[in-house]
Amino acid sequence: MATAPTSLRTTAGNLCLGSAPDSWGVWFPEDDRQVPYTRFLDELAEAGYEWLELGPYGYLPTDPRQLRKELDARGLKVSGGTAFGALHRPEAWDEMLVHVCRVAELTAAAGAHHLVLIPPMYRDEKTGAFTESPVLTAEQWAGFGKAADRLGKLLLDDYDVRLVVHPHADSHIQTQPEIERLLNESDSRWTNLCLDTGHVAYGGGDNVDLIRRFGERVGYVHIKQMDPDVLARVAAEDLSFGEAVERGVCVSPPAGVPNPADVVCELSLLDAELFVIVEQDLYPCAPEVPLPIAVGTREHLAGCGLTGTRRPALKTPGDR
């Protein structure tokens, strides 16, 4: 564990822990290899979590009244919503906007104020086949940050929901240079970063460096660890992310990289209150697998000073 600087809080009081359907092996709205949403919610509460991300739209109830009933019955609250969206395809803007706004509407109805936007993967999640080029053209890059800002402004104006873009394996925002380019070519009023510690590591990036240099742009966090041995095989064998997950690339703390204690230490120094959502990609997995992992992960992160007892204030990166 890293030695904390003298200015570090005795607990990470600016950070609020939650989890997500992803940690229960849920990647799709419907899939026969996923647990029913009622089991996910029951086990989330049993594992000691209070906050959750909505996950793929359609997995949890999309009727706000039914969703509220299910959450209230278990003492659960929503930290944010999740959507896939292609910012590099102008011709698909209208279709993407319909989906993202549907997620934003449900997110706002649930009392949450963050929308995690994940760039679509250029390899199929199940087969690993390439579906488009892994490299954006100069023209696509030129419009990426502007498209993010356009979407972020719309979400904030219409839904009081803040856009945080999520780097993802096998997507066009994966490596640290790609993350930095997005941040440098977008406006902090509208576009900020969902720092996913596992995906940053998967792309060869340095989470601590990103926090230190771009901390004012971190608006939300996904915390996970990757097995460095599996990461080496990903590079050597050109594995897709889906194949890597099946080989166990996502591991429980403190087994992988980055060290969660180092991440929590750096995040706790930021002048911001942040949700930190556990995501351990497990698709597909046996139904009995997620619960003990969720409990152990929560206990380990609590030892780092990270708990779920506070709701972060609505303080945008641009306000810091």
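Residues numbered from 1 in each chain as written. Predicted model: local features only at pLDDT ≥ 70, side-chain atom pairs only at ≥ 80, totals over all residues. Heavy atoms only, no water.

### A closer look at the environment of Arg 89
If you trace the backbone, Arg 89 turns up in the loop between strand E3 (77–84) and helix H3 (93–109). The partly exposed category is assigned to Arg 89, whose relative accessible area is 26%. Contacts of Arg 89, omitting those with residues within four sequence positions, involve Pro 120 and Glu 132. A polar contact is formed between the side chain of Arg 89 and the side chain of Glu 132, at a distance of 2.5 Å. (Helix = DSSP H or I, 4+ residues; strand = E, 2+ residues; numbered from the N terminus. Buried < 20%, exposed > 50% of the residue type's maximum accessible area, 1.4 Å probe, protein only. Contact = heavy atoms within 4.5 Å. Polar contact = N/O pair within 3.5 Å; in protein donor to acceptor, adjacent residues only side chain to side chain.)

### What to know about the pairing of strand E10 (residues 274–278)
Along E10, 5 of the 5 residues are buried, which leaves the element largely enclosed by surrounding structure. Side chains Leu 274, Val 276 and Val 278 project from E10 onto one buried face, and the interleaved Phe 275 and Ile 277 project onto a second face that is buried too. Here strand E1 (residues 15–19) runs beside E10; their pairing, made up of 5 bridges, is parallel. Directly across from Gly 18, in E10, lies its bridge partner Ile 277. In this sheet, E10 lies alongside strand E7 (residues 218–223) in parallel orientation, the contact comprising 3 bridges. Residue pairing for E10: Val 221 is matched across the bridge by Val 276. (Pairing = 2+ DSSP bridges.)

### A closer look at the pattern of salt bridges
Tallied over the entire structure, the rule returns 19 salt bridges. For Arg 212, the salt bridge goes to Glu 266, with nearest N and O atoms at 2.9 Å. Of this pair, Arg 212 sits in helix H7 (residues 207–214) while Glu 266 sits in helix H10 (residues 260–267), placing them 54 residues apart in sequence. The class of Arg 212 is exposed, set by a relative accessible area of 60%. In this structure Glu 266 comes out as buried when scored by relative accessible area, which is 11%. If you follow the salt bridges from partner to partner, you end up with Asp 196, Lys 224, Glu 279 and Asp 281 in one network. (Salt bridge = Lys/Arg side-chain N within 4 Å of Asp/Glu carboxyl O.)

### Focus: the nonpolar core
Counting residues in hydrophobic clusters, the biggest one holds 70 residues, and the most contacted among them are Phe 40, Leu 52, Leu 60, Leu 87, Leu 115, Leu 151 and Leu 267. No other element matches the 8 residues that H3 contributes to this core. For Leu 60, the residues in contact, after removing those within four places along its chain, are Tyr 37, Phe 40, Leu 41, Leu 52, Leu 54 and Leu 67. (Core = buried A, V, L, I, M, F, W, Y, C linked by side-chain atoms within 4.5 Å.)

By themselves, these observations are geometric and do not establish any function.
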